[in-house]
Amino acid sequence: SQTIHQWPATLVQPVGSPLSLECTVEGTSNPNLYWYRQAAGRGLQLLFYSVGIGQISSEVPQNLSASRPQDRQFILSSKKLLLSDSGFYLCAWALGTSREKLFFGSGTQLSVL
Amino acid sequence: TQLLEQSPQFLSIQEGENLTVYCNSSSVFSSLQWYRQEPGEGPVLLVTVVTGGEVKKLKRLTFQFGDARKDSSLHITAAQPGDTGLYLCAGVNTNAGKSTFGDGTTLTVKP
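Cut-offs applied
Residues numbered from 1 in each chain as written. Chains lettered and ligands numbered in written order. Predicted model: local features only at pLDDT ≥ 70, side-chain atom pairs only at ≥ 80, totals over all residues. Heavy atoms only, no water. Helix = DSSP H or I, 4+ residues; strand = E, 2+ residues; numbered from the N terminus. Rg over C-alpha atoms; globule rule 2.2 N^0.38 Å. Buried < 20%, exposed > 50% of the residue type's maximum accessible area, 1.4 Å probe, protein only. Contact = heavy atoms within 4.5 Å. Areas by Shrake-Rupley, 256 points an atom, 1.4 Å probe, with all protein chains shown as cover. Lys, Arg positive; Asp, Glu negative; His and termini not counted. Charge placed at Lys NZ, Arg CZ, Asp CG, Glu CD. Buried area = accessible area lost by both parts, 1.4 Å probe. Salt bridge = Lys/Arg side-chain N within 4 Å of Asp/Glu carboxyl O. Polar contact = N/O pair within 3.5 Å; in protein donor to acceptor, adjacent residues only side chain to side chain. Disulfide = S-S within 2.5 Å. Pairing = 2+ DSSP bridges. Axes fitted to C-alpha atoms, helices over the stretch in contact; angles between N-to-C directions.

Peer 1: How should the overall build of chain B be read in this particular structure?
Peer 2: Along chain B, the regular secondary structure elements total zero helices and eleven strands. Listing every helix and strand of chain B by position from the N terminus yields β-β-β-β-β-β-β-β-β-β-β. Compactness check: chain B gives a C-alpha radius of gyration of 13 Å against a globular reference of 13 Å for 111 residues, within 12% of the reference. In terms of its C-alpha atoms, chain B occupies a principal-axis envelope of roughly 45 × 30 × 20 Å. Residues counted as buried form 45% of the 111 residues belonging to chain B. Considering only contacts within chain B whose residues lie at least 6 apart along the sequence, 53% involve residues at least 24 apart. A total of about 5,300 Å² of accessible surface is found on chain B, and carbon and sulfur atoms cover 49% of it. Across chain B, the 9 positively charged side chains and the 10 negatively charged ones have centroids separated by 5 Å.

Below, the structure is given as structure tokens:
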């Protein structure tokens, strides 16, 4: 069966520090991978998605970047964090002919202070 | 940009009551998904609806896709405290290959 791992679960970082969040998927090959951000109790905003190694699409201009160095690894990064980068970050992979079914990791709560 | 509006934003009811939450858009989707999320966790997929007018049942939950595939509803019968959570709808267009999420309905079921 497929599983998705995302870490760390909680992160507190000072403004201006770098960021690296990692996500890995097991049990499937060539998945679509996604990074979402969620404000407290609200919907999900798509940040990046990837259909293959080295292929990254950015949805919104921002202070973040993403990379996919391996088929089942997706990394979210920043060189210098801003206060506005605080939020709940979710990694997901997609299944289905139209990639409509999303399966999420357990999320990372990022607080930038 | 395709937008999904969910209503109500917050809903607090007593155990045993019935409820319906709505997901509306002016855009047509090839499919629509409902997810449930608990605090500090990722959303979990409940159902996918594809055909206009489609109705799917999952125990006490009934999901309906509008005839025009622009809207959907989730009805819960005899709600239980375990139903508490954030309910999110998401629409997908095949060409885009991406999901657009609504802002969710936060449901609290009091024992």
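Next comes the rest of the account.
Peer 1: Hey, could you run me through the interface of chain B and chain A in this one?
Peer 2: Often the size quoted for an interface is simply the accessible area lost on bringing the parts together. Contacts between the two partners involve 22 residues from chain B and, on the opposite side, 20 residues from chain A. With both sides pooled, the region where chain B packs onto chain A buries about 1,700 Å², and carbon together with sulfur makes up 53% of that total. When the area that chain B buries against chain A is broken down by residue, the three leading residues are Lys98, Phe101 and Asp103 of chain B, summing to 28%. Where chain B packs against chain A, one counts one salt bridge. The partner of aspartate 103 of chain B in a salt bridge is arginine 42 of chain A, and the shortest N-O contact between them spans 2.8 Å. One can count four residue pairs in polar contact (both at pLDDT 80 or more) joining chain B with chain A.

Peer 1: When you look at unusual backbone geometry in this model, what are you seeing that I'm missing?
Peer 2: Glycine aside, a negative phi is what most residues show, and trans is what most peptide bonds show. Note that the residue after tryptophan 7 of chain A, namely proline 8 of chain A, is joined by a cis bond; omega there is 0 degrees. Here proline 8 of chain A is to be found in the loop between β1 (3–7) and β2 (10–13). Look at arginine 69 of chain B: it is not a glycine, yet its phi comes out positive at around 60 degrees. Residue position: arginine 69 of chain B is located in the loop between β7 (61–65) and β8 (71–76). The backbone of alanine 78 of chain B sits at a positive phi, close to 50 degrees, despite the residue not being glycine. Structurally, the position occupied by alanine 78 of chain B is in the loop between β8 and β9 (85–92).

Peer 1: I'm lost on the state of the cysteines in this one. Help?
Peer 2: Note on terminology: a disulfide is the covalent bond linking the sulfur atoms of two cysteines. Residues and elements named next belong to chain A. All chains considered together, the criterion is met by two disulfides over all chains. Across the disulfide, cysteine 23 is cross-linked to cysteine 91 (sulfur-sulfur distance 2.0 Å). The chirality of the disulfide connecting cysteine 23 with cysteine 91 is left-handed, given an S-S dihedral of about -75 degrees. Taken together, the residues span a long stretch of sequence, with cysteine 23 in strand β3 (residues 19–26) and cysteine 91 in strand β9 (residues 87–95) at a distance of 68 residues. With relative accessibility at 0%, the residue cysteine 91 sits in the buried group.

Peer 1: When you look at the pairing of strand β3 (residues 19–24) of chain B in this model, what are you seeing that I'm missing?
Peer 2: One face of the sheet, then the other: side chains in a regular strand alternate in exactly this way. Residue and element names in this part refer to chain B. Of the two faces of β3, only the one carrying Leu19, Val21 and Cys23 is buried; Thr20, Tyr22 and Asn24 on the other face are not. Relative to β8, β3 runs antiparallel, the two being bridged by six bridges. Looking at the pairing, tyrosine 22 lines up with serine 73 of β8.

Peer 1: Before we go on, may I ask you to explain the side chain of glutamine 33 of chain B in this structure?
Peer 2: Residue and element names in this part refer to chain B. Within the element layout of this structure, glutamine 33 appears in strand β4 (residues 31–37). For glutamine 33, a relative accessible area of 0% puts it in the buried group. Polar side-chain contacts of glutamine 33 include one of 3.0 Å to the side chain of serine 31.

Peer 1: Honestly, the sheet that holds strand β6 (residues 55–58) of chain B in this entry has me stumped. Any pointers?
Peer 2: Note on sheets: strands pair through backbone hydrogen bonds, and any given pair is parallel or antiparallel. Residues and elements named next belong to chain B. Within the open sheet, the five strands sit side by side as β1-β3-β8-β7-β6. Their pairing is antiparallel. A single partner strand is all that each edge strand has here, and the edge strands are β1 (5–7) and β6. Adjacent strand axes in the sheet meet at a mean angle of 15 degrees, parallel and antiparallel pairs treated alike. Pairing of β6 with β7 involves four bridges; the strand directions are antiparallel. Looking at the pairing, lysine 56 lines up with phenylalanine 63 of β7.

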